[in-house]
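Coordinate inspection notes
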Amino acid sequence: MTANEQKTAMATTLAARDLTKVYRTGEIEVHALRGVDIDFYEGELIVILGPSGSGKSTLLNIIGGLDTPTSGSVRFRDHELTGADESELTRFRRDHVGFVFQFYNLIPSLTAEENVALVTEIAKRPLPPAEALGIVGLSERRHHFPAQLSGGEQQRVAIARAIAKQPELLLCDEPTGALDSKTGILVLEAINQVNRELGTTTAVITHNTVIGSMADRVLHMADGKVAGIDENRERRPAAELAW
Amino acid sequence: MVIRALDRKVVRDLWHIRGQVLAIGMVVAAGIAALIMSLSTLEALDETTDAYYERYRFGDVFAWAKRAPQSVESRIAALPGVRSIQTRVLRFATIDIDDFAEPVMAEIVSVPSGRQPVLNQLVIRSGRLPELAASDEVVLNEPFAEAHRLEVGDRIVAIINGNRRELRIVGTALSPEFVYALGPGALMADDKRFGIMWMEQDTLAAAYDLKGAFNSVSLDLERGADTEQVLQQLDRLLERYGGVGALARKDQLSNWFVMNEMEQLRTMSLILPTIFLVVSAFLTNMVLGRLVATERSQIGLMKAFGYSRTEVGLHYAKFVVGIVFVGSVIGIAVGTWLGLVNTRMYTELFRFPLLLYRPSTSAMAIAIGVSLAAALLGSAGAVGKAAKLPPAQAMIPPAPAVFRRMRIWDTRAARWLDQGSRIIVRNILRAPMRSLLTMMGVSASIGLLVLAIQWKDSLDYLAESYFFRGQHQDATIGLAEAQSETIMRDFAHLPGVLAVEPMRIVGANFSAGPITHRGSVTGLKRDAWLQPIFDEATRKVVPAPADGLVLGTVLAEKLGVSVGDTVWVEVLEGRRPEVELPVAALIETYIATPAFMNIDALNRLLKQRPSTEYVNLLIDRRDEAAFYAKIKELPLVSAVMLRRAAIDSFYDTLVENIMVFITLFSALACALGVGVAYNSARIALSERGRELATLRVLGFSRGEISYILLGEVGLLIVAALPFGCLLGRGLSELMAAAFQTELFRIPLVINAATYGLSIMIALAATVVSALLVRHRVDHLDLIEVLKTRE
């Protein structure tokens, strides 16, 4: 089977067509996306690369239902997300999407386990919080508050929180951006592990080109457009990465 | 039970900002405490009064006559609606107490030998009731006994019907009939100079030649009896025995004063706490709105996880309920306690022998409901605003506001502003709504302070005007009955007397159209000066007109008459003449609802030769002692009122009591002030922690960033001062307008010092809050703040 045939055989988890997004900040108009087409396939790990302001975060936000496009359409499996109202988007996020943010965004007043529970309590078929923390190797630290954890640990809690609901789509926005390379690799390993073991379609935003080699596909973005898509014949293990 | 993670967040977040929770709680508590204190006091006093009256069988009707034979008693008892009757002998007497130079008066009331009367029973505080066997036994009312340190076993001398009699004190007592023991013509109770004495019925009757007769009667009516009809029939029965108009309980002197005091308290209890609650609700709303707004990114995060708007709203509702709960607990505790303090004070003032107190549950429900609603609305607005944004936007701070370069920055005046000051001014201008709200909050607490503190100014003004400008006599002598005006010459010859003026006061009903007012007419000479007709509006003496009435405006308004209209006057004494009189002039008064006419015209109306019942005197201080000594010996004297004593008791009772109330309110206003100032600064720190840390990193000192943060709050507070003073004036006007009883009108006076004090208190509250926040600024963790995402 050729790569193309293989792709068509794989089910599409999410399809975005001709997305545009215009922000108005005060008197300035910013065109963050200028017509983006992209498909996410079932179980793949896709890395979105691009410099600051290329529109990667905006794309991820719209795909994850955190924001709405100015025009264009987004389809998740059989659901049309375009034009979905607030409560439909909320349901979409609650049932299907896990998020990991650059700055972890843990609730400081909750312990690691409680931060995970925050999500599992409203999920349909969640993992027990302790198990999710086990996957990212933090079973021992589950009663610690965010302030008592290192940056890498906090980010792994955030990953545990994102995967505990067993989402179909895991979206990570610069998950290693605030971490040193050693810690960053630990976090990437966790993401890789989740993608392989749970088969979660995963998108990772980064401006670190090295990370691209651990993906199935690499999406290059520039100036609000897709500049190109590379396919890796082979995914490099996260442990082998170095920057 | 599993506690959900979100609920844990609520509890931990509340604990984390406990300082602020406490500060907002104080604001909430102030409003709640004010209402609970006031309504609890009011309800407790209402219930206590009712219970006291009920238990000691306070009469429903009171009447007086010159001498009614005992046979009339059964005829009165047979009147429809009368349940029980108590006849008695009642007289005024002069008391001679060693070591007390001034004359002392007492009202002597008869009681049956060794047992309680049917009505108006005594609360025996020590000793026992007087008995027939010994004719010199007397029971004193407790406050009078205490004022003179008299105890059971002591002896006092009374001039009874012209004879000096030595009496033995066998007991002290209280009575529902004399909660306010007022001497004739007195406006304030003065326990040193006026007392109540109870003596055995036959003994007293014998002393006053009233054997087989009575001169006072009290009735207890059946439920649903027509009081007006009983009064009329009683008047008719007693008319030929010199009756002077029966009174219903509501017009009975002591009760009327008690009720007026309650009315005054009721007004204060409704207006002040309402203003408080509204202000506290407004502040709660504002503060919580801002506090929740700082949670914007967490709201975005929760939404990113798939929490719905309702769930997020509910989460913050719990948060807010937690804060209001803290405030409510404090408010209920403080309000209940202050209510008890306040009620105790009134119970002592009224000398109620019992005290029924429980915190008002309706006050709690209202106060907590209002506070909660205000808090929820405030947070709902902020949650709604944050939740409406797409989570991606909510999670990043609001886009920098558009700062427009204003021409003002180019002016020479602006150039001396350093960077810090520019940041302050620009921040204020950038968020005009928020700045305005902070100013309004501060203004509100200053306004409340002014409102509370200005009471003293108003009362001082009232006293000054009423007692010093409106009166010049040193003493007013009441005579047992009207005497020919020739008696004036006798008084003029007493030692030390510099001037003498006659005065008559007769009970009367005033009617105009359907409205009738029971009051009295005061007759004065045209050129009266010692206790003249004094108009508070012009602060001038008004001469008594040849004919017609001069009415106080409150009475005129009640009757719906003005100058030129006529009033039907029914005199309740002597031959009970009725006459229609024109209203010659209206005057403004602060106390009571007086009606004046020319004393000569009044005497003509009564078909009496020129006579007088009261004598106003101006006395040379040096001869005071000799004057008092002489007065004590005069058999005709039934009352002696000293202006100085009246002023003292005005300050001792009224002012002191109101001041306790006001002090409590001032304390609550201070709590509000601290709450607002602290929260404003503290929330500003949450909102701008990152910006300030950045400035620190750039090399600004702690002092400089404190200046930027606190300077903004400080500038707003200073700008709010004049508005606070204006608001205080407005609120005081509102209060003065609402605070009008037939007994008192409070003039609106606010001294400059009051504004000054309010401002000082507000500034002190600000400084304390600033120091607390400054402590936090000093410990700002630079790395931590900068590490987190903006």
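Residues numbered from 1 in each chain as written. Chains lettered and ligands numbered in written order. Predicted model: local features only at pLDDT ≥ 70, side-chain atom pairs only at ≥ 80, totals over all residues.

**Things to note about the overall build of chain A**
Counting its regular elements, chain A contains seven helices and ten strands. For 243 residues, the compact-globule estimate of 2.2 N^0.38 gives 18 Å, and chain A sits close to it at 17 Å. A principal-axis box enclosing the C-alpha atoms of chain A has dimensions of 45 × 40 × 35 Å. The buried share among the 243 residues of chain A stands at 48%. Sequence separation of at least 24 residues holds for 71% of the intrachain contacts in chain A that already meet a minimum separation of 6. (Helix = DSSP H or I, 4+ residues; strand = E, 2+ residues; numbered from the N terminus. Rg over C-alpha atoms; globule rule 2.2 N^0.38 Å. Buried ≥ 20, exposed ≤ 12 C-beta atoms within 10 Å, placed from the backbone. Contact = placed C-beta atoms within 7 Å.)

**Some words on unusual backbone geometry**
The phi angle at Gln 166 of chain A is positive, at roughly 55 degrees, despite the residue not being glycine. By secondary structure assignment, the location of Gln 166 of chain A is in the loop between α6 (151–163) and β7 (169–173). Phi is positive for Ala 592 of chain B, close to 60 degrees, though the residue is something other than glycine. In this structure, Ala 592 of chain B sits in the loop between β19 (578–587) and β20 (595–598).

**Examining the sheet that holds strand β8 (residues 201–206) of chain A**
All names here are of chain A. Across the sheet, which stays open at both edges, the six strands sit in the order β6-β7-β8-β3-β9-β10 with mixed pairing between neighbours. What marks the edges here is a single partner per strand, and that holds for β6 (97–100) and β10 (225–231). Strand-to-strand twist in this sheet, taken as the mean axis angle between neighbours without regard to direction, amounts to 20 degrees. In this structure, β7 lies alongside β8, joined through five bridges in parallel fashion. Across the sheet, residue Leu 171 finds its bridge partner in β8, namely Ala 203. Along the sheet face, helix α7 (residues 181–198) touches β3 (45–49), β7 and β8 and points at about 160 degrees away from the line of β8. (Pairing = 2+ DSSP bridges. Axes fitted to C-alpha atoms, helices over the stretch in contact; angles between N-to-C directions.)

**Quick notes on the interface of chain B and chain A**
Each partner contributes to the interface: chain B provides 25 residues, whereas chain A provides 26 residues. Those elements that provide at least two residues to the side of chain B that touches chain A are α1 (5–16), α8 (296–304) and α11 (391–394) of chain B. Of the residues forming the side of chain B that touches chain A, the biggest block, seven residues, is contributed by α1 of chain B. The residue inventory of the side of chain B that touches chain A, partitioned by class, reads eleven nonpolar, six polar and eight charged. (Nonpolar A, V, L, I, M, F, W, Y, C, P; charged D, E, K, R; others polar.)

**Quick notes on the environment of Glu 222 of chain B**
All names here are of chain B. Structurally, Glu 222 can be placed in the loop between β10 (213–221) and α6 (227–239). The sequence separation of Glu 222 and Ser 421 amounts to 199 residues, and the corresponding C-alpha distance is 77 Å. Those residues within four positions of Glu 222 in sequence are excluded, and the remaining contacts are Gly 81 and Arg 83.

**Thoughts on the packing of helix α14 (residues 432–469) of chain B against helix α20 (residues 702–738) of chain B**
Residues and elements named next belong to chain B. It is at 6 Å that the axes of α14 and α20 come closest, and there the two elements cross at 45 degrees. By the angle class used here, α14 and α20 are oblique. The two elements α14 and α20 meet at a crossing, and its hand is right-handed. (Parallel < 35°, antiparallel > 145°, perpendicular 65-115°, else oblique. Left-handed = near helix turned anticlockwise from the far one by under 90°.)

**Brief notes about the domain arrangement of chain B**
Domain boundaries in chain B define domain 1 (1–58 + 259–395), domain 2 (59–257), domain 3 (411–472 + 646–790) and domain 4 (497–619). On a C-alpha basis, the centres of domain 1 of chain B and domain 4 of chain B stand 51 Å from each other. (Domains from an automatic or database assignment.)

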